[in-house]
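# Chains, contacts and geometry: an overview
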Amino acid sequence: MSADALAVYAADDAHSRGRRYAEPAPQYRSEFQRDRDRIIHSSAFRRLAYKTQVFVNHEGDLFRTRVTHSIEVAQIARSIASALSLNETLSEAISLAHDLGHTPFGHAGQDALNDCMRDYGGFEHNLQSLRTVDELEERYALFPGLNLTYECREGILKHCAVSKARELGELGERFLQRRQPGLEAQLANLADEIAYNNHDVDDGIRAGLITLEEAAQVPLVQRQYQQVMRLYPDLQGRRRVHETVRRMVNEVVIDVIESSLTRIRAAQPRDIDAVRSLGEPLMGMSEGMRAEHLQLKQFLRDEVYRHQRVLRMTTKAKRVLSALFAAFMEEIKLMPAEHRDRHSAPSSATGWRGAPAPSPTTWPA
């Protein structure tokens, strides 16, 4: 989308707050396109193919992984961004990067690693996503990480404890001041919720943990299921499931567009900094849709995430991650060479391979 087509409150890469390390402007693409492309080509993005949401890989190759989920989040975000004249490319970049720091095995993996890291400050996947793009990626000669724009990094850091925010400099200020990120960041967070809530219905049915008829006890599912049955009474199997789920996603997306537009018109932000100065987000669902989405989330928690088969898998996953952590802590030589070498390398005042050392406020020591 050209700058002329953007709303005044959208992120414009021509007025970006910039990168941690100055670089020449890209040719034939925007700054946010450069961010998106760096994320897609990163090692961390490729690793998402092996990180699962609810079901592990050996249970079937049609269940969603973190990489397919991220692509679905990006598609939803771009659709909403286009309707609201927001920056589609930035929305896509944030969406593709939002889970880069997530553990395998979903939230069970995060809980296990957080327990292991309790004596070292704990583990939080949003902070790890930021650390991945800021420090851990090894691709460029002049700087560590991907050197993404402030706006993209702002969107990646969805949540942050106050204690950690104090260590993040400018990026952590909004958590201390209870301010908001730009609308593209707010949008990516919403698109993530829309994607996993609705698509976990699909995966839960595919896995045989729930039926479409059981899911239709939830108003959001019920409304679309009944409409599909009226329009296509002979539709069966996967086509009936997909037709219902896609209509659910569409209804929520339309609600987000219309509800967010109402809030934006009421607030009349003059630019992205005016959006950031607000105490509440402008992007969101209507009260009725939010209530229905919470009902769907509760249904999934009770019938899918706490299903005996899923709990058995997550219990095994926690044991595996805890055992690996203990083994690596006991013997550093078991780790892959790049991580072993990073651990063993002496600290340097010049930072990464001769590049200026990162500011100590950009990431906790």
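Just so it is clear, the structure is predicted and the values come from calculations on it, not from any experiment.

### Points about the overall build of the chain
Of the regular secondary structure elements, the chain holds 17 helices and zero strands. Per-residue burial for the chain yields a buried fraction of 50% across its 365 residues. Counting contacts in the chain only where the partners sit at least 6 residues apart, residues at least 24 apart contribute 71% of the total. For the chain, the exposed area adds up to about 18,200 Å²; of that, 51% sits on carbon and sulfur atoms.

### Examining the side chain of Arg 34
Mapped onto the secondary structure, Arg 34 falls in helix α1 (residues 31–40). With sequence-adjacent residues up to four places away left out, Arg 34 is seen in contact with Arg 19, Glu 23, Pro 24, Ala 25, Pro 26 and Arg 29.

### Observations regarding helix α4 (residues 88–97)
Among the 10 residues that make up α4, 10 are buried, leaving the element largely enclosed by the rest of the structure. Buried residues along α4 sit in contact with α1, α2 (43–47), α3 (66–83), α6 (125–136), α7 (150–156) and α10 (183–206).

### Some points on helix α13 (residues 237–267)
The first and last C-alpha atoms of α13 sit 46 Å apart over 31 residues, in line with the 45 Å expected at 1.5 Å per residue. Phi turns positive one or two residues past the end of α13, at Gln 268, with a value near 50°.

### Examining the packing of helix α12 (residues 219–231) against helix α15 (residues 287–305)
The axes of two packed helices give the description: the angle between them and the distance between them. Two elements in contact, α12 and α15, have axes separated by 8 Å at closest approach and are oriented at 95°. Classified by the angle their axes make, α12 and α15 are roughly perpendicular. Contact residues: α12 offers Pro 219, Leu 220, Val 221 and Arg 223, while α15 offers Met 289, Glu 292, His 293, Gln 295 and Leu 296. The residue inventory of the contact of α12 with α15, partitioned by class, reads five nonpolar, two polar and two charged.

### What about unusual backbone geometry?
Notably, Asn 147 is not glycine yet its phi reads approximately 50°, a positive angle. Position of Asn 147 among the secondary structure elements: in the loop between α6 and α7. In this structure Asn 147 comes out as buried when scored by relative accessible area, which is 2%. Despite not being glycine, Arg 178 has its phi angle at roughly 55°, a positive value. On the secondary structure map, Arg 178 appears in the loop between α9 (173–177) and α10.

### Focus: the packing of α3 against α4
Put simply, α3 and α4 touch, their axes get as near as 8 Å, and they point 155° apart. In terms of orientation, α3 and α4 fall into the roughly antiparallel class. As α3 packs across α4, the resulting crossing turns out to be right-handed. Of the residues in α4, those touching α3 at Ser 70, Ile 71, Val 73, Ala 74, Ala 77, Arg 78, Ala 81 and Ser 82 are Glu 88, Ser 91, Glu 92, Ser 95 and Leu 96. Among the residues making up the contact of α3 with α4, the classes are represented as six nonpolar, four polar and three charged.

### Points about the side chain of Asn 147
Polar contacts involving the side chain of Asn 147 include one to the main-chain amide nitrogen of Arg 20, which spans 3.3 Å. Within the local environment of Asn 147, its side chain forms a polar contact with the backbone oxygen of Tyr 21, the two atoms lying 2.8 Å apart. Setting aside chain neighbours within four positions, we find Asn 147 in contact with Arg 19, Arg 20, Tyr 21, Glu 23, Arg 38 and Val 133.

### A closer look at the confidence of the model for the chain
Per-residue confidence for the chain averages 88 on the pLDDT scale, and 89% of its residues sit at or above 70. Note that pLDDT drops below 50 for residues 347–365; the model gives that stretch 37 contacts with residues more than four away or on any other chain.

### Describing the pattern of salt bridges
Evaluated as defined, the whole model comprises 29 salt bridges. The closest approach of N and O atoms between Glu 135 and Arg 20, which form a salt bridge, is 3.2 Å. With Glu 135 in helix α6 and Arg 20 in the segment before α1, the pair connects residues that are 115 residues apart, well separated along the chain. On the basis of relative accessibility, which here comes to 15%, the residue Glu 135 falls in the buried class. One continuous salt-bridge network, built from bridges that share partners, spans Arg 19, Glu 23, Glu 31, Arg 34, Asp 35 and Arg 38.

### With respect to the packing of aromatic side chains
Tallied over the entire structure, the rule returns two aromatic pairs. Plain terms: the ring middles of Tyr 21 and Phe 143 are 6.0 Å apart, the flat faces sit at 20° to each other, and that makes the pair stacked. With Tyr 21 in the segment before α1 and Phe 143 in the loop between α6 and α7, this residue pair connects regions lying 122 residues apart in the sequence. Tyr 21 sits in the buried class, given a relative accessible area of 11%.

### Quick look at the environment of Leu 311
Its place among the elements puts Leu 311 in helix α16 (residues 308–330). Owing to a relative accessible area of 39%, Leu 311 belongs among the partly exposed residues under this scheme. For the pair Leu 311 and Ala 108, spaced 203 residues apart in the sequence, the C-alpha separation amounts to 9.2 Å. Here Leu 311 is in contact with Tyr 305 and Arg 306, once residues within four sequence places are set aside.

### Quick notes on the layout of surface pockets
The space that makes up the second largest pocket amounts to roughly 1,200 Å³. Taken together, 46 residues line the second largest pocket, and the ones lying closest to its centre are His 107, His 159, Asp 192, Tyr 196 and Lys 297. With nine residues, α10 is the single largest residue contributor to the lining of the second largest pocket. Classifying every residue of the lining of the second largest pocket by side-chain character gives 14 nonpolar, 17 polar and 15 charged.

Reading guide: rules and limits
- Residues numbered from 1 in each chain as written.
- Predicted model: local features only at pLDDT ≥ 70, side-chain atom pairs only at ≥ 80, totals over all residues.
- Heavy atoms only, no water.
- Helix = DSSP H or I, 4+ residues; strand = E, 2+ residues; numbered from the N terminus.
- Buried < 20%, exposed > 50% of the residue type's maximum accessible area, 1.4 Å probe, protein only.
- Contact = heavy atoms within 4.5 Å.
- Areas by Shrake-Rupley, 256 points an atom, 1.4 Å probe, with all protein chains shown as cover.
- Expected span 1.5 Å × (residues − 1).
- Axes fitted to C-alpha atoms, helices over the stretch in contact; angles between N-to-C directions.
- Parallel < 35°, antiparallel > 145°, perpendicular 65-115°, else oblique.
- Nonpolar A, V, L, I, M, F, W, Y, C, P; charged D, E, K, R; others polar.
- Left-handed = near helix turned anticlockwise from the far one by under 90°.
- Polar contact = N/O pair within 3.5 Å; in protein donor to acceptor, adjacent residues only side chain to side chain.
- pLDDT = per-residue confidence, 0-100.
- Salt bridge = Lys/Arg side-chain N within 4 Å of Asp/Glu carboxyl O.
- Phe/Tyr/Trp six-rings, centres within 6.5 Å; stacked < 30°, edge-to-face > 60°.
- 1 Å grid on protein atoms, 1.4 Å probe; cavity = no way out; pocket = protein on both sides within 12 Å on 5 of 7 lines; lining within 4 Å.
- Points joined across faces, edges and corners; volume = space filled by probe spheres on them.

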